[in-house]
Amino acid sequence: MSGIDYRVGDATLPVGDGPKVIVHVCNDRGGWGRGFVVALSRRWLEPERRYREWHAGRADNDFALGAVQFVSVADGLWVANLVGQAGFRTENGRPPVRYDAIEWGLAAVADFARERGASVHMPRIGCGLAGGRWEDVEPILLATLGAAGVPVTVYDLPAPAS
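Here the structure is a predicted model, which means the values were calculated and not measured.

On to the overall build of the protein chain, then. A tally of helices and strands in the protein chain yields four helices and six strands. Along the chain direction, N to C, the helices and strands of the protein chain fall in the order β-β-α-α-β-β-α-β-α-β. Whereas a compact globule of 162 residues would reach a radius of gyration of roughly 15 Å, the protein chain reaches 15 Å, a difference of no more than 12%. Overall, the protein chain is about 40 × 40 × 35 Å in size when its C-alpha atoms are taken along their principal axes. Taking all 162 residues of the protein chain together, 46% fall into the buried category. Once local pairs closer than 6 in sequence are excluded, the contacts in the protein chain between residues at least 24 apart make up 69%. Within the structure as shown, the protein chain displays about 8,100 Å² of accessible surface, and the carbon and sulfur contribution to it stands at 49%.

A few words on the sheet that holds strand β2 (residues 20-27). Pairing within the open sheet is mixed, and its six strands lie in the order β1-β6-β5-β2-β4-β3. Each edge of the sheet is formed by a strand with only one pairing partner; in this case those strands are β1 (4-8) and β3 (68-74). The sheet shows a mean angle of 30° between the axes of neighbouring strands, taken without regard to direction. Pairing between β2 and strand β5 (residues 119-122): three bridges, direction parallel. What sits directly across from K20, in β5, is S119. Each of β2 and β4 (77-85) touches helix α1 (residues 36-43); the most contacted strand, β2, lies at about 130° to it.

Let us look at the state of the cysteines. Going through the model one piece at a time under the given rule, you end up with zero disulfides. The thiol of C26 is unpaired, and the distance to the nearest cysteine sulfur, on C127, comes to 15 Å. The exposure class of C26 is buried, given its relative accessible area of 3%.

The rules behind the values
- Residues numbered from 1 in each chain as written.
- Predicted model: local features only at pLDDT ≥ 70, side-chain atom pairs only at ≥ 80, totals over all residues.
- Heavy atoms only, no water.
- Helix = DSSP H or I, 4+ residues; strand = E, 2+ residues; numbered from the N terminus.
- Rg over C-alpha atoms; globule rule 2.2 N^0.38 Å.
- Buried < 20%, exposed > 50% of the residue type's maximum accessible area, 1.4 Å probe, protein only.
- Contact = heavy atoms within 4.5 Å.
- Areas by Shrake-Rupley, 256 points an atom, 1.4 Å probe, with all protein chains shown as cover.
- Pairing = 2+ DSSP bridges.
- Axes fitted to C-alpha atoms, helices over the stretch in contact; angles between N-to-C directions.
- Disulfide = S-S within 2.5 Å.

Encoded structure:
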């Protein structure tokens, strides 16, 4: 079982050798434009383009909570668009994060990464705009990626200079 390596840095610039997968959480409504996706789109256009196409064709594909789309952005580097957020806002006291969907998606990421000998890199998924709590997400990472022996690095941005 692998643990989680926490570091300060930019998850769009994953560290280390070998193939890498950058994971982030998307919503199930086709919206892209706030949060971590802004950093992804500054670096690569393809993840957003592919996500929007995937959502637009959802009647004929697997787009749903828990689904993952792997987008190659460079040799040995993929962005995993994981649908783990229902809508955009808290409704009836429930934030948009869907922990079960994140778990299903991370199981697929674990398989993808193991097949390629890749490490997995991410911000604290599900804990920004999705409204999740890291103490609920971290055990899911350990039960899926960690249990599969996939190395995981979680990035926190540096604190702003005062």
